[in-house]
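# Reading the structure
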Amino acid sequence: MTYVNAFIKTCTAFLKVKRRIVLQLHVGDSTPEGFDASHTFENGLHHIEIATEPSRGFLSVLAHEIVHAYMDEKHPRAPWHGFLFQRNAWLLEQHLKSKGYAVEKIFMLGVDK
């Protein structure tokens, strides 16, 4: 879990996410709701639920949800996967790759809805 914690810190530092992230893992290929992952913001905390075997890379899906956390803090009225989300996902993706993380596309047009 240390690697995942370091990854989360790298993402949140780059995006300047201020609120704490609570991570809940679900063994298998989906959360109880049937998704790879989900993000909610409750009681001042970001709650991220993620499957341990999502349909694409675990770190990429986790980073995607961290971008949602950033958007909730900085741009709460922006469209769900609109231009600002896509731009910040791409910027984070480039940053993570420069730090040696093997991430795939954080936002995938036509896949992420």
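Residues numbered from 1 in each chain as written. Predicted model: local features only at pLDDT ≥ 70, side-chain atom pairs only at ≥ 80, totals over all residues. Heavy atoms only, no water.

Looking now at helix α2 (residues 58–74). A rise of 1.5 Å per residue sets the reference length of α2, with its 17 residues, at 24 Å; its end C-alpha atoms lie 24 Å apart and thus fit the reference within 8%. Within α2, 13 of the 17 residues are buried, which leaves it mostly tucked inside the rest of the structure. (Helix = DSSP H or I, 4+ residues; strand = E, 2+ residues; numbered from the N terminus. Expected span 1.5 Å × (residues − 1). Buried < 20%, exposed > 50% of the residue type's maximum accessible area, 1.4 Å probe, protein only.)

This part takes up the sheet that holds strand β1 (residues 21–26). If you walk across this open sheet you meet the three strands as β1-β3-β2, and the pairing is mixed. Pairing within the sheet leaves two strands with one partner each, and these edge strands are β1 and β2 (37–42). Pairwise comparison of adjacent strand axes, ignoring direction, gives a mean angle of 15 degrees for this sheet. Here α2 sits on the sheet and contacts β1, β2 and β3 (45–51); the angle it forms with β3, its principal contact strand, is near 155 degrees. (Pairing = 2+ DSSP bridges. Axes fitted to C-alpha atoms, helices over the stretch in contact; angles between N-to-C directions. Contact = heavy atoms within 4.5 Å.)

Here I50 lies in strand β3. Look at I50 and you get buried, because its relative accessible area is 0%. Along the backbone, I50 and G100 are 50 residues apart, and their C-alpha atoms lie at a distance of 22 Å.

What follows is about the pairing of β2. As defined by bridge partners, β2 adjoins β3 across six bridges and the pair is classed as antiparallel. Bridged to H39 within β3 is I48. Hairpin connection of β2 to β3: two residues between the antiparallel strands, including N43 at a positive phi of 50 degrees.

Geometric values such as these leave the question of function open.
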